[in-house]
Amino acid sequence: MDLTNQIAQKLLQINAIQINIQNLFVWASGIKSPIYCDNRIALSYPEVRNLILEGFINASNNIDNYDVIAGVATAGIPWGALLADKLNKPFIYIRSQSKDHGKKNKIEGELKKGSKVLVIEDLISTGGSSIKAVESIRELDCEVIAVLAIFQYNLHQAKINFEKINCNFKTLSNFDVLIF
């Protein structure tokens, strides 16, 4: 069984992926759906956490020329930090909006102008939070090489949204793998 299938199977086994046709879940994008994937649960299971990390390592090894790994707040932060640690790369994270106190940062950590960034997200539905993160990085004259996420629902809107901003994205597993 390949890693894509293993990850989907493990997410089901630990109830990170839930299905409820009576009470639909509301996603961050506002979409109501009978399926919900909460990848934060995987952090509590070392075997699953390590499997996902292996997937991120394999996927990132197929991406060239990035200097920094960025986690998207909040669920992308631990995955990005774990990956950055394994690859001995600098790590930053991107908030959904600037803080209203202190230095009022939107991006935490050191991001030098001209850096090439690999963005880590936990989940992609329409791509909204990932795209905001990409735009925040680009505003600082840095380049986003790609976005990697654990799981996607395979919504056509995500593909359209990433194409609009000319950004590559890849996920370790997806809805199609889950249902077959």
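Just so you know, these numbers come straight off a predicted model, no measurement behind them.

Break down the packing of aromatic side chains for me, with residues and values.
For the structure shown, the criterion picks out five aromatic pairs. Between tryptophan 27 and tyrosine 153, the aromatic rings sit 4.0 Å apart at their centres with planes inclined by 10°, giving stacked as the arrangement. In this pair, tryptophan 27 is assigned in the loop between strand S2 (25-26) and strand S3 (32-33) and tyrosine 153 in the loop between strand S9 (143-152) and helix H5 (156-164), connecting sequence segments 126 residues apart. Across this residue pair, the class does not change: tryptophan 27 and tyrosine 153 are buried. One aromatic cluster in this structure is built from Trp27, Phe151 and Tyr153. For the cation-ring pair, lysine 89 lies above tyrosine 66, with the distance from its terminal atom to the ring centre recorded as 4.8 Å.

An account of the pattern of salt bridges is requested, with residue identities and associated values reported.
The full count for this structure, using the stated rule, is four salt bridges. Between glutamate 108 and arginine 95 there is a salt bridge, with the nearest N and O atoms lying 3.1 Å from each other. A residue pair is termed long-range when its members are at least 10 positions apart, and glutamate 108 in strand S7 (residues 107-108) and arginine 95 in the loop between strand S6 (91-94) and S7 qualify at 13 residues.

How would you summarise the nonpolar core if you had to cite specific residues and measurements?
Counting 35 residues, the largest nonpolar core has Leu11, Ile52, Phe56 and Phe151 as the members making the most contacts within it. Among the elements of the structure, helix H1 (3-13), strand S4 (35-37), helix H2 (46-61), helix H3 (76-87), strand S8 (116-124), S9 and helix H6 (175-179) are those that each provide at least two residues to this core. The leading source of residues in this core is H2, at six residues. Grouped together as the second largest cluster of nonpolar side chains are 22 residues, Ile94, Ala133, Ile137 and Ile165 included.

For the pairing of S9, give the residues involved together with the corresponding values.
Taking burial as the measure, the 10 residues of S9 include nine buried ones, the bulk of the element. Following the chain from S8 across helix H4 (residues 128-139) to the adjacent parallel S9, one finds a crossover that is right-handed. Relative to strand S10 (residues 169-174), S9 runs parallel, the two being bridged by five bridges. When the bridges of S10 are listed, glutamine 152 appears paired with asparagine 174. Considered for its hand, the β-α-β crossover made up of S9, H5 and S10 is right-handed.

Would you mind going over the sheet that holds S9 in detail, with residue names and values included?
A sheet is described by the order of its strands in space; here six strands give the open sequence S7-S6-S5-S8-S9-S10, paired in mixed fashion. For this open sheet the edge positions go to S7 and S10, each flanked by a neighbour on one side alone. H2 contacts S8, S9 and S10 of the sheet and is inclined by roughly 145° relative to S9.

Requested: an account of the packing of H2 against H3, with residues and values cited.
Contact geometry of H2 with H3 gives a least axis separation of 10 Å together with a crossing angle of 65°. As H2 runs across H3, the sense of the crossing is right-handed. In this structure, H2 uses Arg49, Ile52, Leu53, Phe56, Ile57, Ser60 and Asn61 to contact H3, whose residues at the interface are Trp79, Leu82, Leu83, Lys86 and Leu87. Of the residues that constitute the contact of H2 with H3, the class distribution is eight nonpolar, two polar and two charged.

Provide a residue-level description of H1, including the pertinent values.
One turn of an α-helix holds 3.6 residues; hence residues three or four places apart share an orientation. For H1, the complete set of buried residues consists of Leu3, Ile7, Ala8, Lys10 and Leu11. End-on view of H1: buried residues confined to an arc of 165°, all on one side of the axis. On its buried side, H1 packs onto strand S1 (17-19), S4, H2, S9, S10 and H6.

Quick one: what's the story with the packing of H1 against H2, residue by residue and with numbers?
Interaxial distance between H1 and H2 falls to 10 Å at its minimum, and their mutual angle equals 150°. It follows from the interaxial angle that H1 and H2 lie roughly antiparallel. As H1 runs across H2, the sense of the crossing is left-handed. Contacts between H1 and H2 involve Leu3, Gln6, Ile7, Lys10 and Leu11 from the former and Glu47, Val48, Leu51, Ile52, Glu54, Gly55 and Asn58 from the latter.

Rules used in this analysis
- Residues numbered from 1 in each chain as written.
- Predicted model: local features only at pLDDT ≥ 70, side-chain atom pairs only at ≥ 80, totals over all residues.
- Heavy atoms only, no water.
- Phe/Tyr/Trp six-rings, centres within 6.5 Å; stacked < 30°, edge-to-face > 60°.
- Helix = DSSP H or I, 4+ residues; strand = E, 2+ residues; numbered from the N terminus.
- Buried < 20%, exposed > 50% of the residue type's maximum accessible area, 1.4 Å probe, protein only.
- Lys NZ or Arg CZ within 6 Å of the ring centre and 35° of its normal.
- Salt bridge = Lys/Arg side-chain N within 4 Å of Asp/Glu carboxyl O.
- Core = buried A, V, L, I, M, F, W, Y, C linked by side-chain atoms within 4.5 Å.
- Right-handed = clockwise from strand over helix to strand, strands pointing away.
- Pairing = 2+ DSSP bridges.
- Contact = heavy atoms within 4.5 Å.
- Axes fitted to C-alpha atoms, helices over the stretch in contact; angles between N-to-C directions.
- Left-handed = near helix turned anticlockwise from the far one by under 90°.
- Nonpolar A, V, L, I, M, F, W, Y, C, P; charged D, E, K, R; others polar.
- Arc of directions from axis to C-beta.
- Parallel < 35°, antiparallel > 145°, perpendicular 65-115°, else oblique.

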